[in-house]
Amino acid sequence: KILILDFGSQFTQLIARRVRELNIYCEIHPFNNFPEVDSTVKGIILSGSPYSVRQADAPQFDFARHHRTLPILGVCYGAQYIAHYNAGEVSPSSTREYGRANLQYIADGNPLFKEIPQHSQVWMSHADTIQNVPADFEIIASTDSVRVAAYHIKDTQTFGIQFHPEVTHSIDGKQLLQNFLVDICGCAQDWTPDSFIETTIASLKDKLGDDKVVLGLSGGVDSSVAAVLLHHAIGKNLYCIFVDNGLLRKDEFESVLESYKHMGLNVKGVDAKQRFYDALEGLSDPEKKRKAIGRVFIEVFDDEAHQVQDVKWLGQGTIYPDVIESVSVKGPSATIKSHHNVGGLPDFMKLKVVEPLNTLFKDEVRKVGKALGIDANILGRHPFPGPGLAIRILGEVTPEKVRILQEADAIYINNLRSAGVYDKVWQAGTIFLPVQSVGVMGDERTYENVVALRAVESVDGMTADWCHLPYDLLAKISNEIINNVKGINRVVYDISSKPPATIEWE
Ligand code: XMP
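Residues numbered from 1 in each chain as written. Predicted model: local features only at pLDDT ≥ 70, side-chain atom pairs only at ≥ 80, totals over all residues.

Selection criterion: UniProt positions are given in the numbering used here, feature names are shortened, and annotations may be inferred rather than shown by experiment.
Per an unreviewed UniProt entry, the recorded name for the protein is GMP synthase [glutamine-hydrolyzing], and the organism is Mucilaginibacter straminoryzae. Taken directly from UniProt, the Catalytic activity (unreviewed entry) text for the protein runs: "XMP + L-glutamine + ATP + H2O = GMP + L-glutamate + AMP + diphosphate + 2 H(+)". As recorded by UniProt, the Function (unreviewed entry) comment attached to the protein reads in full: "Catalyzes the synthesis of GMP from XMP."

### Notes on the overall build of the protein
Rules: A run of H or I in DSSP becomes a helix once it reaches four residues, and a run of E becomes a strand once it reaches two; helices and strands are each numbered from the N terminus. Counting other C-beta atoms within 10 Å of a residue's own tells you its class, since 20 or more makes it buried, 12 or fewer makes it exposed, and anything in between is partly exposed; those C-beta atoms are placed from the backbone. Here the contact rule is simple: place C-beta atoms from the backbone, and any two residues whose C-beta atoms are within 7 Å are in contact.
Secondary structure summary: the protein contains 14 helices and 18 strands in total. Across its three principal axes, the protein shows a C-alpha extent of roughly 85 × 60 × 40 Å. The buried share of the protein, reckoned over its 506 residues, is 37%. When contacts within the protein are restricted to residue pairs at least 6 apart in sequence, long-range pairs at least 24 apart make up 74% of them.

### Notes on the site of the ligand
The test is simple: Each residue receives a C-beta atom built from its backbone; the residue is near a molecule or strand if that atom lies within 6 Å of it. In the scheme used here, Gly and all other residues not listed as nonpolar or charged are polar, with Ala, Val, Leu, Ile, Met, Phe, Trp, Tyr, Cys and Pro taken as nonpolar and Asp, Glu, Lys and Arg as charged.
Neighbouring the ligand are Arg-290, Pro-383, Pro-385, Gly-386, Pro-387, Gln-427, Gly-461, Lys-498, Thr-502, Ile-503 and Glu-504. For the shell around the ligand, the per-class residue count stands at four nonpolar, four polar and three charged.

### Some details on the environment of Asn-245
When you line up the elements, Asn-245 lands in the loop between β11 (238-244) and α7 (252-262). Asn-245 gets classed as buried once you count the C-beta atoms within 10 Å, which come to 25. The residues touching Asn-245, leaving out its near neighbours within four places in the chain, are Ala-272, Lys-273, Phe-276, Ile-293, Phe-297 and Gly-388.

### Examining the pairing of β11
Threshold: Any two strands between which DSSP finds at least two bridges are classified as paired. When the strands point away from the viewer, a crossover counts as right-handed if the route from the first strand across the helix to the second turns clockwise.
Of all seven residues making up β11, five are buried, and the element is well covered by its neighbours. Examined bridge by bridge, strand β10 (residues 212-217) and β11 share five bridges and lie parallel to one another. The residue of β11 that forms the bridge with Val-214 is Tyr-239. Of the crossover connections in this fold, the one passing from β10 over helix α6 (residues 221-234) to the parallel β11 is right-handed. Two strands pair when backbone bridges link them, and β11 and strand β12 (residues 267-271) are joined in this way by five bridges, in the parallel orientation. Within β12, the residue paired with Phe-242 across the bridge is Gly-269. A crossover connection joins β11 to the parallel β12 through α7; in handedness this β-α-β unit is right-handed.

### Some thoughts on the sheet that holds β12
What counts is decided by this rule: Axis definition: a line fitted to C-alpha atoms, limited for helices to the stretch in contact. Angles are taken between N-to-C directions and run from 0 to 180 degrees.
Here five strands make up an open sheet; going across it, the order is β12-β11-β10-β13-β14 and the pairing parallel. Each edge of the sheet is formed by a strand with only one pairing partner; in this case those strands are β12 and β14 (352-354). Put simply, the sheet's adjacent strands are angled 30° from each other on average, direction ignored. Strands in contact with α7 are β10, β11 and β12; relative to β12, the strand with the most contacts, it is inclined by about 165°.

### Some points on the UniProt feature "binding site: ATP" (unreviewed entry) in the protein
On the UniProt side, "binding site: ATP" (unreviewed entry) is annotated at positions that read Ser-218, Gly-219, Gly-220, Val-221, Asp-222, Ser-223 and Ser-224 here. The residue Gly-219 is located in the loop between β10 and α6 in this model. In this structure Ser-223 comes out as buried when scored by C-beta crowding, with 21 C-beta atoms within 10 Å. What Ser-223 contacts, discounting residues up to four positions off in sequence, is Leu-215, Gly-216, Leu-217, Ser-218 and Gly-317.

### Digging into the UniProt feature "active site" (unreviewed entry) in the protein
Following the UniProt record, the feature "active site" (unreviewed entry) maps to Cys-76, His-164 and Glu-166 here. On the basis of their most widely separated C-alpha atoms, the annotated residues across 91 residues gather in one place, lying no more than 11.2 Å apart. Take Cys-76: it is sitting in the loop between β4 (72-75) and α3 (77-85). Once residues within four sequence positions are removed from consideration, Cys-76 is found in contact with Gly-48, His-126, Gln-162 and His-164.

### Here we look at the packing of helix α8 (residues 273-280) against helix α9 (residues 286-306)
For clarity, the threshold we go by: For any pair of crossing helices, the crossing counts as left-handed if the nearer helix is rotated counterclockwise from the farther one by less than a right angle, and right-handed if it is rotated clockwise.
Packing of α8 against α9 leaves a shortest axis separation of 9 Å and a crossing angle of 145°. Crossing handedness for the pair α8 and α9: right-handed. Together, Arg-275, Phe-276, Ala-279 and Leu-280 of α8 and Lys-289, Ala-292, Ile-293, Val-296 and Val-300 of α9 make up the contact between the two elements. For the contact of α8 with α9, the residue count by class is seven nonpolar, no polar and two charged.

This is the structure we're talking about:
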């Protein structure tokens, strides 16, 4: 495997993704908590950073300890760090060095640049630049404005590059990473969904033995894939719980429960709709609604988990970005689970936790799911928030509003599917607005509610752009909703991007 040392760059996760795309396993670790290096580690990549090496509190790395024992690739700050560490000169750049540049010089025969053409386009994003390098550093690439675009410490396997090979604007970035990982580090490109499944099932068997595991299914990709992996490892000792909180999409609970049973999972569907509606009564503040839903979910899950005798483990569909988030350079996020701690932990949370997907990115989870033969309908579904329709009904939630929204939303989603655009949209949903507007139907004046349609394109939900859905499709959806859903007489389309808006309205 490859270790990526995170100095806090926004691109660190992208480096990891690129390495994984080459079928090589890698892990990200914060610079201030770097693990012991064992024989499975084939190389180290040092990330970029918002810091300057010239700052007193600049993040550090024990370079001398790993230099000459393992191949090292420094990227941007990582490259500057190594140069600075070895008494090279790093200073603020005199010209702007953001965006595209072309390599004007590439040294002949350096393994890092194997098969990379002269003038290859690279992506720069740095305020400091390496002015001078020590005598044992060989400059192996330059651009017009950056003399030290890449260097190699002679007779070692340490390299530094000023540009970012992980972004797609660096056209040959993937080739460069492959050169480093395969030719220089000697990694085998054998990390595939099938190999992941095989080793994960074996290690789950080993870890869990005859122990029982409870797991909460949500209908989403992550918990479903986690459940199927666990099922392969321990079979009937996996007890899945799928809670109907009354805030899911129309007919979703029944249809998803059915697919889970088809997959052979031992799953119990729990109708807790009324408990959630009761808890939501009178609440209109989004955060209060979220807290109430979180609290009731924990109560329901705790009750159900108690029905399983001698359970030892809690299975979770945690994925790698959640793990990185909680150990990142910026420090663990303190607020995410605050409400879990009020009044002590529920019993199920005292269980040991097993998270078979905690090394995977979302797209890898989908690939693993596909290799496991999970229903494409489950793998391809849009992200859906835990609090469900409660945060798509602005203001107070009532069962009647849920029913109206479910009808409108089903028309919207079915139309996206039949028009063949569902898979091109990252996430879509319908929002019930707390306003009434005047309309006319036949000879009657109406005074009813408005729904907003939302559809966004995104990679990870952090930023998003509204989808330019065809007008004809929007017209058809609007007509169908207004003509079929009693209580709605107006449909609007949300054309806000994130930021400054968010994907959800609450
Ligand atoms: P926003 O609205 O913040 O949403 O742009 C980003 C992504 O997160 C989802 N989301 C949630 N998911 N619990 C969840 O499990 C929540 O409270 C929640 N709020 C937003 C949202 O659907 C989108 O995918």
